[in-house]
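Secondary and tertiary structure notes
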Amino acid sequence: MRVLGIETSCDETGVALFDTRLPAGEGLLADALYSQVAMHAEYGGVVPELASRDHTRKLLPLIDQVLGEAGLEKRDLDGIAYTAGPGLVGALMVGASTAHGMAWALGVPVLGVHHMEGHLLAPMLEENAPAFPFVALLVSGGHTQLVEVAGLGRYRLLGESVDDAAGEAFDKAAKMLGLAYPGGPRVAKLAEQGDPTRFRFPRPMTDRPGLDFSFSGLKTHTLTTLKKLEADGVLDDQARADVARAFEEAVVDTMVIKCRRALDETGLKRLVMAGGVSANTRLRERLAVEIEKRGAKTFYPRARFCTDNGAMIAYVGAQRLATGERDTRGLMQATPRWP
Ligand code: KG4
Ligand code: ZN
């Protein structure tokens with residue numbers, strides 16, 4: 001099946017075309033992304049109504065763009081997939097209604113997919129895609145989860161954050177450090193200049209068994225450290241970089257410990273990383289070394305498919321549409337909270 005995928009759950013408009021008939025790693029025909037990040041940066045975070053309006057402006061031109069790049073017409077499509085949740089409801093509805101309108105006009109099947117399933121299976125878009133089963137570390141702005149993946153749709157949650165998601169913690173730490181939104185990449189950049197030995201932040205929930213995470217304590221720790229440096233009159237650029245480094249090391253270390261544990265508990269030898277935070281270079285380096293020491297292998301999507309994109313939605317939608325799955329009673333779906 002040749003499927004159009006649409007992603008509009010938050011602040012990126014993503015569109016892509018995936019063809020299930022092509023060999024693994026070659027199915028992606030075209031993809032395009034329009035990021036609203038610059039618009040929201042002015043407000044320090046995503047403004048939902050502005051996000052919805054921008055999706056309505058950018059979505060149709062992006063669809064025309066990917067069809068053009070692939071040398072296809074709308075009538076060449078065999079199905080349409082869109083992100084049905086979780087996400088901002090207005091933003092989701094732009095993608096959902098566009099997908100349903102197009103599918104109805106073209107007489108092709110349509111399916112809403114789970115945004116996190118998109119992230120989870122994004123490494124399948126690569127030439128060296130992992131075989132099932134594997135353990136996945138899903139780390140985005142809204143989620144931190146370890147999942148055992150047996151096959152398409154066969155997922156078992158091994159552990160998750162009991163409070164903030166890893167990306168959320170990065171974004172909040174960024175605000176405390178006076179860095180602009182989105183903070184994750186900026187904290188990572190500042191941390192490169194930091195001295196890893198100056199501060200040592202706690203590794204939350206690693207001293208007890210289990211695969212759950214907690215990042216809110218680390219956030220408080222960051223704030224207390226910065227306040228103390230300020231009170232002592234030594235909060236300069238180097239101190240900020242050292243704090244960023246200590247914060248990043250603590251998050252990365254915690255994730256490495258939990259991933260090792262997840263592989264031990266499941267006996268699996270493949271670890272997949274996905275979601276925005278998996279773009280973090282330090283996390284990738286540390287995980288690759290630690291996981292390979294155990295005779296296991298790590299897999300990542302290419303950097304541009306770590307954060308929100310249409311390709312992952314086209315991929316999951318195509319797989320599911322090809323098995324005959326359709327939206328229930330042909331109704332459009334926009335589910336802001338979807339476990
Ligand atoms: O998956 P994603 O694009 O959107 C969600 O579905 O949430 O993830 C965005 C999150 C943000 O919190 C962002 O700060 C974080 O991923 N992020 C990073 C890096 N790049 C993006 N965090 C740490 N280091 C990075 N290099
Ligand atoms: Zn996402």
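If you're wondering where the values come from, they're calculated on a predicted model, not measured in any experiment.

Moving on: the UniProt feature "binding site: substrate" (unreviewed entry) in the protein chain. On the UniProt side, "binding site: substrate" (unreviewed entry) is annotated at positions that read L138, V139, S140, G141, G142, D171, G184 and N280 here. Among the structural elements, V139 can be located in strand β6 (residues 134–139). According to the C-beta neighbour criterion, V139 is buried, with 29 such atoms within 10 Å. Once residues lying within four places of it in the same chain are set aside, the contact partners of V139 are T144, A166, G167, G275, V277 and S278. Along the chain, the position of D171 falls in helix α5 (residues 166–176). In this structure D171 touches G141, Y181, P182, G183 and G184, once residues within four positions along its chain are discounted.

One finds A81, A136, V187, F247, A314 and Y315 to be the most contacted residues of the largest nonpolar core, which totals 98 residues. For this core, the element with the highest residue contribution is helix α8 (residues 237–266), accounting for 12 residues. Not counting the four nearest positions on each side in its chain, A136 is found in contact with L120, V147, V149, V272 and A274.

Think of an α-helix as 3.6 residues a turn; residues three or four steps apart then line up on the same face. Those residues of helix α6 (residues 183–191) that sit buried are G183, G184, V187, A188, L190 and A191. Down the axis, α6 shows its buried residues gathered within 165° of arc, on one side only. For α6, the secondary structure elements touched by its buried residues are α5, α8 and α9 (281–292).

The rules behind each value
Residues numbered from 1 in each chain as written. Chains lettered and ligands numbered in written order. Predicted model: local features only at pLDDT ≥ 70, side-chain atom pairs only at ≥ 80, totals over all residues. UniProt positions renumbered as here; feature names shortened; annotations may be inferred. Helix = DSSP H or I, 4+ residues; strand = E, 2+ residues; numbered from the N terminus. Buried ≥ 20, exposed ≤ 12 C-beta atoms within 10 Å, placed from the backbone. Contact = placed C-beta atoms within 7 Å. Core = buried A, V, L, I, M, F, W, Y, C linked by C-beta atoms within 7 Å. Arc of directions from axis to C-beta.

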